[in-house]
Amino acid sequence: MASLNRPGQPKSGFLQSVEARRNARRWVRAEQSVIVILLVAATFVSVLTTIGIIVTLIKESFGFFQDVSVWEFITGTKWAPLFEPQSFGVLPLIGGTLLAAGIAGIVALTLGLGAAIYLSEYAPDRVRRIIKPILEVLAGIPTVVYGFFALSFVTPLLQSFLPIPVIFNVLSAGIVMGLMIMPMVSTLSEDAMVAVPRPLRDAAYALGATRFEVAVKVVVPAALPGIVASFILALSRAIGETLIVTIAAGATPNLTLNPLESIQTMTAYIVQVSLGETPQGTLVFKTIFAVGLVLFLMTLAMNIAGRWIVRRYTERY
Amino acid sequence: MEHHQAPLGSARVTSPIAASVTRPRYSGPTPPSGSAATRSPWRRWRDRFFFLLFFASVAIGILGLAALVIDVLTDGLGALDFSFINSYPSRHPGESGIRAALFGTIWITLGTAAFAIPIGVATAIYLEEFAPDHWATRLVQLNIANLAGVPSIIYGILGLALFVQALSLDRSVLAGSLTMTLLILPIVIIVSQEAIKAVPNEFRDAAFALGANRWQVVKMVVLPQAIPGIMSGIILALSRAVGEAAPMLMISSLVFLTFIPTSPGDRFTVLPVQIFNWVSLPQPGFQAVASAGIIVLLAVLLSMNSVAIWIRNRYQKRY
Amino acid sequence: MPTRYVALALGITLIAGIVALGLNEPDTSILATDSPLTGTIEIDGSSTVFPISQAVAEEFRKVHPAVQVAVGVSGTGGGFKRFVVGETHISNASRAIKPSEIDKAAENGIEFIEIAVGFDGLSIIANPSNGFLECVTTQELRAIWEPGSDLHRWSDVRPEFPDGKFRLYGPDTDSGTFDYFTEAIMEHEDASRSDYTASADDNVLIRGVGGDKNALGYFGFAFYSSAPHLLKLIAVDSGSGCIYPSAETINNGTYSPLARPMFIYVNTAALERVEVVEFVNFYLDNATQLVTEVGYVPLPVELYDEGRTELNGAIGEPTS
């Protein structure tokens with residue numbers, strides 16, 4: 001802008017307002033610059049979190065694997081880091097985790113899928129509006145409450161008709177975990193099924209199909225990627241679950257397929273060691289990170305797989 | 001992908017499946033059940049049978065919930081009285097109370113809110129309004145979705161290694177709040193993004209047409225519209241923080257306290273950890289005490305969720 | 001009335017109730033005093049001694065409500081690890097401090113005193129529906145618990161026992177109870193088989209043994225007396241007959257080798273603070289009553305007096 005200054009004379013009102021607007025714009029631009037810097041900094045926190053998790057787990061695990069061979073860790077079948085002689089085979093912990101998650105998965109898949117089919121294909125709108133929030137409540141209950149429920153209600157109930165020799169057993173914890181993740185399977189599967197377009201159903205009905213046939217032969221196969229993904233994500237949740245298994249499944253690392261026994265999951269082990277206040281630097285303390293790393297990688301792989309399945313296989317109608 | 005306990009209503013928000021489609025649910029005519037002459041009795045019967053089976057799935061889920069609630073109420077209502085809320089834990093079940101845990105929870109929740117709200121909302125604003133369509137942005141978005149799915153105990157490990165040990169914050173309220181912040185940050189970001197996305201573009205366009213720059217548009221137009229949704233989402237995220245025991249177990253450890261925190265550097269305990277402690281005690285009296293604690297925890301969660309739902313309903317804009 | 005108003009009313013009432021509570025100090029007790037003492041006392045260590053320290057802290061609070069006491073349960077070993085670097089003021093221990101731990105403390109410039117607070121009869125426990133096990137010899141215990149033990153069935157222990165498999169429960173390696181048991185029975189510290197349910201949380205052990213017909217475990221006597229309906233106490237024969245742990249047998253030494261003293265270790269630097277001195281004095285003054293109430297065996301009065309002398313000696317030092 002050409003200078004309208006006349007040196008030695010007071011500024012005109014017009015010039016003052018032009019300058020005022022120019023300054024205001026500078027302030028506003030400066031404000032935006034500062035704000036954007038702050039916003040980017042905030043965004044970095046999420047990036048740093050992931051980096052923090054990965055660095056912490058890997059750094060300490062690296063220290064751990066200086067003393068314990070990776071081979072022994074991955075293939076050993078005895079987990080006894082707190083005893084002499086120490087053994088560091090992580091398979092019993094992984095086995096316990098998978099057994100508990102497996103039972104939970106069976107419960108969640110049957111109940112969740114059944115509920116999803118009912119809600120999307122059979123239920124009238126009124127019923128649906130009542131039932132959905134109730135299922136959400138199931139998902140929102142804290143896990144410690146589920147653990148209490150497993151120990152105080154489910155275990156005695158199971159013991160009354162099954163010969164369960166121990167009070168801490170996987171079956172009880174698995175069933176309760178299944179109840180907890182069932183809403184997840186049900187909500188996500190229902191989303192997938194609702195997304196199947198009406199014409200497909202109409203066509204099937206036009207051919208004389210019953211609701212069951214439409215559900216099972218048309219809708220579920222069309223929604224299958226979403227259903228499978230919901231199941232994988234729910235399983236991943238069950239694998240990462242801590243409180244229920246710590247309270248109800250036991251503290252005995254035990255490689256077994258028998259759900260009536262006590263086991264210890266990876267998460268329960270991590271809790272056990274960290275409550276014992278083992279100090280930094282010891283080999284036992286580093287087991288927290290090694291086991292944590294396995295847990296993190298497992299859940300990460302499952303989450304990525306679940307999302308990938310949805311992206312790759314979902315039909316866009 | 002959010003798949004820890006879903007705060008009421010938000011499972012749908014973050015589902016990758018729902019995100020990709022927005023079709024209305026099937027609302028066509030319900031087909032006649034069995035009137036066509038070509039339908040064999042077997043198929044009709046099978047339809048009815050499976051209807052019952054699928055309904056039973058829902059029923060079992062609801063029954064399970066009912067069993068849980070009844071179990072907790074019958075065990076705990078007797079022990080729930082004013083002195084329970086006002087007392088500290090004790091070796092005698094009759095004298096035990098949740099005062100320390102309740103105030104620990106309040107401190108932790110406030111601390112978490114203090115950190116998570118600014119960082120989370122700022123991140124959401126950046127990602128929605130300012131970030132260029134660049135592979136780095138997509139990576140950050142993906143990263144946040146992944147973080148939402150990391151088991152809570154991993155955050156506990158991170159908190160223990162980073163805040164308690166590396167930064168020498170000890171087992172303090174501050175360390176606990178920071179750990180919880182990291183845990184709920186992905187949820188806060190995701191719900192804030194949803195709320196910001198819901199503001200129609202016309203509003204933004206109008207502001208730009210009047211000469212506002214990007215930040216002014218956000219500050220004066222988008223944010224005010226999005227705030228109810230953001231607030232509601234934040235309260236739901238905080239209610240998730242209230243119920244989480246695993247990371248707090250690792251940070252605070254199982255400790256017997258005779259005081260409530262009076263500064264961020266104090267030791268603390270929270271409701272779920274205290275309940276976990278009582279659940280482990282085999283003396284029969286403590287079952288009732290644990291149940292009473294659970295009732296208080298559920299009441300706190302219920303009140304938080306109610307407030308969030310109220311905000312959402314009251315301020316829901318229809319564009 | 002629209003649901004959302006109900007929900008809001010509910011929400012606000014509950015939140016208001018909680019806030020109101022914060023402004024309301026609890027009615028502490030009949031002994032409500034205006035004690036001016038403040039400060040923080042950090043205690044950690046043995047889960048066996050924990051019930052005593054917890055009881056003391058609870059009663060102490062009634063007299064000095066402004067002193068903040070925190071009692072942790074990291075296990076005797078875990079407690080010492082914190083104690084020797086000065087993180088805690090008092091360490092609960094169900095065994096004497098080890099030479100390596102003493103060295104560590106010296107390295108870090110931590111001075112401390114040792115005060116005995118009571119006796120425990122480490123108890124061997126089985127499930128109440130176990131009808132055949134009444135008494136076990138120390139040799140049998142050793143055979144069952146030693147590292148690499150081959151015994152898995154009751155009949156391996158004694159041929160006349162049934163053929164079923166037993167399941168073992170016991171503390172984990174951070175526990176002083178573990179150290180003491182292995183030292184007393186295996187005569188070699190930390191020497192134990194590892195295929196049992198190991199938990200630092202004695203309550204897990206109580207529940208486990210109480211819920212498992214074929215269980216066999218060991219932990220502190222107070223934990224037995226806290227849930228006698230769930231557990232069956234087994235007598236121990238160390239060569240002179242089957243002895244049950246009791247106040248008498250522990251005090252006169254016949255319940256051996258599993259009778260053991262319990263200690264607290266106090267950081268002398270912490271004793272420069274009035275509230276810590278008050279606390280330890282309170283501990284000793286009330287030990288007889290609280291130790292019995294918790295389920296252990298109190299020391300003869302002379303030994304508590306010795307503890308007081310020790311305490312006074314340590315307080316005297318810095319000012320001299």
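This structure is a prediction, so every number in the text was calculated from the model and none was measured. (Residues numbered from 1 in each chain as written. Chains lettered and ligands numbered in written order. Predicted model: local features only at pLDDT ≥ 70, side-chain atom pairs only at ≥ 80, totals over all residues.)

## Topic: the overall build of chain A
Filter applied, for reference: Secondary structure elements follow DSSP: runs of H or I no shorter than four residues count as helices, runs of E no shorter than two count as strands, and numbering proceeds from the N terminus. C-beta atoms are first placed from the backbone for all residues, and any pair lying within 7 Å is then listed as a contact.
Along its length, chain A carries 11 helices and two strands. Taken from N to C terminus, the helices and strands of chain A fall in the order α-α-β-β-α-α-α-α-α-α-α-α-α. With the C-alpha coordinates of chain A rotated into their principal frame, the extents come out at 105 × 70 × 35 Å. Within chain A, residue pairs in contact and separated by at least 24 positions form 73% of the contacts whose partners lie at least 6 positions apart.

## Side note on the domain arrangement of chain A
Residues and elements named next belong to chain A. For clarity, the threshold we go by: Start and end points for every domain follow an automatic or database-based domain assignment. Under the convention adopted here, Pro, Cys and the residues Ala, Val, Leu, Ile, Met, Phe, Trp and Tyr are nonpolar, Asp, Glu, Lys and Arg are charged, and Gly plus all remaining residues are polar.
Once the domains are mapped, chain A shows domain 1 (14–67) and domain 2 (79–313). Taken together, the contact pairs nine residues of domain 1 with eight residues of domain 2. Partitioned by chemical class, the residues of the side of domain 1 that touches domain 2 number four nonpolar, three polar and two charged.

## A word on unusual backbone geometry
All names here are of chain B. Condition: Buried, partly exposed and exposed are defined by the number of other C-beta atoms within 10 Å of a residue's own C-beta, namely 20 or more, between the two limits, and 12 or fewer respectively, with C-beta atoms placed from the backbone.
We note that D170 has phi near 60°; this positive angle belongs to a residue other than glycine. Within the fold, D170 resides in the loop between helix 7 (152–166) and helix 8 (173–197). Although it is not a glycine, S253 sits at a positive phi angle of roughly 65°. If you trace the backbone, S253 turns up in the loop between helix 11 (246–252) and strand 1 (255–257). Residue S253 is classed as buried on the basis of its 23 C-beta neighbours within 10 Å.

## Brief notes about the sheet that holds strand 3 (residues 90–93) of chain C
Stated precisely, the cut-off is as follows: A pair of strands counts as paired when DSSP detects no fewer than two bridges linking them. Orientation is described by lines fitted to C-alpha atoms, with helices fitted over the stretch in contact, and by angles between N-to-C directions that extend from 0 to 180 degrees.
An order of 1(B)-2(C)-1(C)-3(C)-12(C)-4(C) is seen for the six strands of this open sheet, with the pairing classed as mixed. Here the strands that pair on one side only, and so sit at the sheet edges, are strand 1 of chain B together with strand 4 (112–121) of chain C. Each strand axis lies, on average, 20° off the axis of its neighbour in the sheet, ignoring direction. Pairing between strand 3 of chain C and strand 12 (residues 259–267) of chain C: four bridges, direction antiparallel. Looking across to strand 12 of chain C, one finds that C:I90 is bridged to C:V266.

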